[in-house]
Every structure is written in C-alpha cells, then in structure tokens.
Amino acid sequence: MNFYSSLIAQCAQTKSLTTLRAVHTNVIKSGISYLFLGHKLIDGYIKCGSLAEAHKLFDELSNRHIVTWNSMISSHISHGKSKEAVEFYRNMLVEGVLPDAYTFSAISKAFSELGLLRHGQRAHGLAVVLGLEVLDGFVASALVDMYAKFDKMRDAHLVFHRVLEKDVVLFTALIVGYAQHGLDGEALEVFEDMVNRGVTPNEYTLACILISCGNLGDLVNGQLIHGLVVKSGLESVVASQTSLLTMYSRCNMVEDSIKVFNQLDYANQIPACNRTTSYGSLRFCQ
C-alpha cells in the first residue's frame with residue numbers, strides 16, 4: 001500500500017494525469033480498499049486538475065473523511081466553482097460530518113463570493129457551537145473577511161473582539177475590511193492596537209495601513225509606519241513601495257513620493273520624458 005501511496009504522490013507532484021489513471025486502475029485490480037487510498041487518489045486527481053474524476057471517485061467512496069470533504073470543497077472554490085463547493089458543504093452536513101477549522105475558512109469565502117449572507121451566518125453559528133470562533137484564529141479571520149465583504153463591519157468587529165488569541169492574520173483581515181469600506185480611522189485604530197499588543201505586522205498589513213494614512217492625510221503616522229517598513233526589511237517589496245508612493249502623494253509630499261518612485265524596481269526602465277509625466281501625475285493622486 002505504501003508503494004501505491006508513493007506513486008500517487010509522485011503523480012500529483014508531476015501532475016501526470018495519465019499515469020495517475022494507470023495507478024488507479026492497478027489499485028482496483030489489486031483489490032485494495034478505497035478506505036486506505038481513496039483520499040490520496042482524490043487528492044491526486046485534484047492536483048492533476050481533473051475535478052470531474054475526483055468527484056466521480058468521491059461519489060464511489062462509502063466512508064468519506066472530513067479531509068476528503070475539505071479537499072472537494074476547497075478545490076472547487078479555487079477553480080471558481082463556489083456554487084458546487086456550497087453543495088458539497090450542505091451534503092457533508094446532511095451526512096452528519098461536522099466541519100472543522102479548514103472547512104469554515106474555505107466555505108466562508110464561497111458564501112461571500114455568492115452573496116449568501118444567511119448561509120454564512122448559519123455557518124458562523126455552527127462554528128460558535130463547536131467552539132472554533134473563539135479558539136481558532138484561522139476561522140475567525142475567515143469570518144471577519146466574510147462579514148467585511150458583506151459590508152457588515154459591526155459583525156466583523158464582534159467576531160474579532162471575541163477571539164482570545166489575536167494574530168497578525170486576524171488583525172490584518174479587520175484592517176483591510178475597514179480600509180476597503182473607507183473607514184480609515186478605524187483601520188488605524190486597529191493597527192495601533194495591534195502594535196500595542198506586540199503583534200508584528202506583515203507586508204499586507206503595512207501596505208494597507210499606509211494607504212489609510214494617505215487617505216487621512218496623516219503624515220506623522222505615515223512616516224512612523226514607513227520607518228517600521230524599513231525596520232522590517234520590507235522596503236523593497238513592491239506592495240510597500242506602491243503604498244508608500246500613494247501615502248506620500250496623498251499627503252502632498254511630492255518630493256518624498258519622487259524619492260520612493262526612484263527606488264521602484266521598474267523606475268530605471270522608464271524613459272526620462274515619461275518620468276517627468278509620472279512625477280507630475282503624483283499631484284493628481286491627492
């Protein structure tokens with residue numbers, strides 16, 4: 001059985017669908033139960049890009065583990081088939097299989113993409129019952145992101161507030177949610193709370209909060225966060241550079257915008273005549 005497991009893993013790694021089908025055929029001929037290799041084969045078909053064959057095999061399994069359900073749900077979402085993912089989620093509940101943290105984090109995205117707020121709220125309720133909302137930052141971050149996309153920032157904040165151990169992913173999800181809805185002051189407050197708690201921001205947090213500082217015309221905090229970007233070694237990251245450029249231009253600091261612009265990886269590739277136009281355009285980003 002280890003032999004077949006190794007072959008399936010190799011097929012998945014090399015995305016060799018033809019070889020995987022041959023291995024699958026040999027598994028059937030050998031009489032080995034799908035109980036042991038079913039999930040591995042499904043995972044192999046998914047990684048080889050054949051959702052149809054993964055689905056067919058999934059339907060043939062008599063005992064489907066939560067890991068297998070999660071694979072089908074997440075793979076359909078990643079392939080732009082959120083409606084089918086929701087159907088898998090519903091069927092999983094009907095069969096009495098309880099979702100785990102990975103399920104909630106994946107299906108929350110499907111609900112927001114399809115505009116299914118009620119479904120998302122019911123899933124949230126189940127997460128609360130299972131104790132995953134408060135104890136699992138992974139689930140809480142997904143719920144915050146979902147509510148933010150539904151423009152339910154009060155609900156997003158309530159989820160955030162109830163989580164016992166807040167990490168950078170959770171803080172960033174709430175900051176991005178506020179920023180996307182033009183609530184830049186609230187985004188900055190959450191960022192300050194994050195720093196005060198000793199949680200280290202990542203490149204996405206910094207890029208987002210710099211834009212908020214620019215929108216608020218808050219040069220003081222913008223410069224402090226610029227220093228944090230430098231200290232974190234993220235100054236060369238494109239997202240940081242773009243956000244710094246935006247922040248300084250919106251704070252009317254054209255000279256600083258030009259300095260940041262000149263540090264961009266692609267700046268040296270722009271002809272001099274076009275650079276003048278680019279510098280001038282910064283004044284219209286205010």
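Residues numbered from 1 in each chain as written. Predicted model: local features only at pLDDT ≥ 70, side-chain atom pairs only at ≥ 80, totals over all residues. Heavy atoms only, no water.

A. The overall build of the chain, seen in detail. Each helix and strand counted, the chain has 18 helices and 0 strands in total. Taking 2.2 N^0.38 as the reference for a compact globule, 286 residues should give roughly 19 Å; the C-alpha atoms of the chain span a radius of gyration of 24 Å, well beyond that estimate. Dimensions of the chain along its principal axes, counting C-alpha atoms only, are 75 × 45 × 30 Å. Within the span of the chain, comprising 286 residues, buried residues form 45% of the whole. (Helix = DSSP H or I, 4+ residues; strand = E, 2+ residues; numbered from the N terminus. Rg over C-alpha atoms; globule rule 2.2 N^0.38 Å. Buried < 20%, exposed > 50% of the residue type's maximum accessible area, 1.4 Å probe, protein only.)

B. The pattern of salt bridges, seen in detail. Applying the stated rule across the entire model yields 8 salt bridges. Lys56 is the salt-bridge partner of Glu60, the closest N and O atoms lying 2.9 Å from each other. Highlighted residues: Glu60 and Lys56, both in helix α4 (residues 51-60), separated by 4 residues, approximately one helical turn. Classification of Glu60 as partly exposed rests on a relative accessible area of 41%. Under the relative-accessibility criterion, Lys56 is labelled exposed at 54%. The partner of Lys149 in a salt bridge is Asp145, and the shortest N-O contact between them spans 3.1 Å. One end of the pair, Lys149, and the other, Asp145, are both in helix α10 (residues 137-149), 4 residues apart, so they sit about a helical turn from each other. Take Asp145: its relative accessible area is 29%, and that puts it in the partly exposed class. (Salt bridge = Lys/Arg side-chain N within 4 Å of Asp/Glu carboxyl O.)

C. Inspection of the packing of aromatic side chains at higher detail. Tallied over the entire structure, the rule returns 5 aromatic pairs. Taking the centre distance of 4.8 Å and the plane angle of 80 degrees together, the rings of Phe58 and Trp69 count as edge-to-face. Of this pair, Phe58 sits in helix α4 while Trp69 sits in helix α5 (residues 66-78), and the two are 11 residues apart along the sequence. The burial state of Phe58 is the same as that of Trp69; both residues are buried. These aromatic residues form a ring-pair network of at least three members: Phe58, Trp69 and Phe88. If you follow Lys166 out to its NZ or CZ, it ends over the ring of Phe160, 5.2 Å from the centre. (Phe/Tyr/Trp six-rings, centres within 6.5 Å; stacked < 30°, edge-to-face > 60°. Lys NZ or Arg CZ within 6 Å of the ring centre and 35° of its normal.)

D. Quick peek at unusual backbone geometry. Phi at Lys15 is positive, roughly 55 degrees, even though this residue is not glycine. Assignment of secondary structure puts Lys15 in the loop between α1 (2-14) and α2 (17-30).

E. Inspection of the confidence of the model for the chain at higher detail. Looking at the chain as a whole, its pLDDT mean stands at 88, while 91% of the residues score no less than 70. Within the model, the stretch residues 266-286 combines pLDDT values under 50 with 22 contacts to residues more than four positions away or in other chains. (pLDDT = per-residue confidence, 0-100. Contact = heavy atoms within 4.5 Å.)

F. How the structure looks around the side chain of Ser240. Looking at the secondary structure, you find Ser240 in helix α16 (residues 238-250). The class for Ser240 is buried, based on a relative accessible area of 0%. Among all residues touching Ser240, those that are not within four sequence positions of it are Leu210, Val229 and Leu234.

G. Just a nonpolar patch on the surface, in detail. A contiguous nonpolar patch, built from Leu98, Val129 and Leu130 and spanning about 290 Å² of accessible area, is present on the exposed surface. Among the secondary structure elements, Val129 is positioned in helix α8 (residues 117-129). On the basis of relative accessible area, Val129 is assigned to the exposed category, the value being 68%. (Patch = residues over 30% accessible without salt bridge, like charges linked within 9 Å, V, L, I, M, F, W, Y side chains within 5 Å. Areas by Shrake-Rupley, 256 points an atom, 1.4 Å probe, with all protein chains shown as cover.)

H. Highlighting the side chain of Glu133. By the secondary structure assignment, Glu133 is in helix α9 (residues 132-135). A distance of 2.8 Å separates the side chain of Glu133 from the side chain of His124, its partner in a polar contact. Engagement of the side chain of Glu133 in a polar contact is seen with the side chain of Arg162, the distance being 2.7 Å. If we skip the residues at most four places from it in the chain, Glu133 touches His124, Ala127, Val128, Ala140, Leu143, Val159, Arg162 and Val163. (Polar contact = N/O pair within 3.5 Å; in protein donor to acceptor, adjacent residues only side chain to side chain.)

I. Focus on α8. With 13 residues, α8 extends 19 Å from end C-alpha to end C-alpha; this agrees with the ideal 18 Å at 1.5 Å per step. Looking only at α8, the buried set comprises Gly120, Ala123, His124 and Ala127. The arc that holds the buried residues of α8, viewed along the axis, is 105 degrees, so those residues lie on one side. Facing away from the buried side of α8 by over 90 degrees, the exposed positions are Arg118, Arg122 and Val129. Each element contacted by the buried residues of α8 is listed here: α6 (82-94), α7 (101-114), α9, α10 and α11 (153-162). (Expected span 1.5 Å × (residues − 1). Arc of directions from axis to C-beta.)

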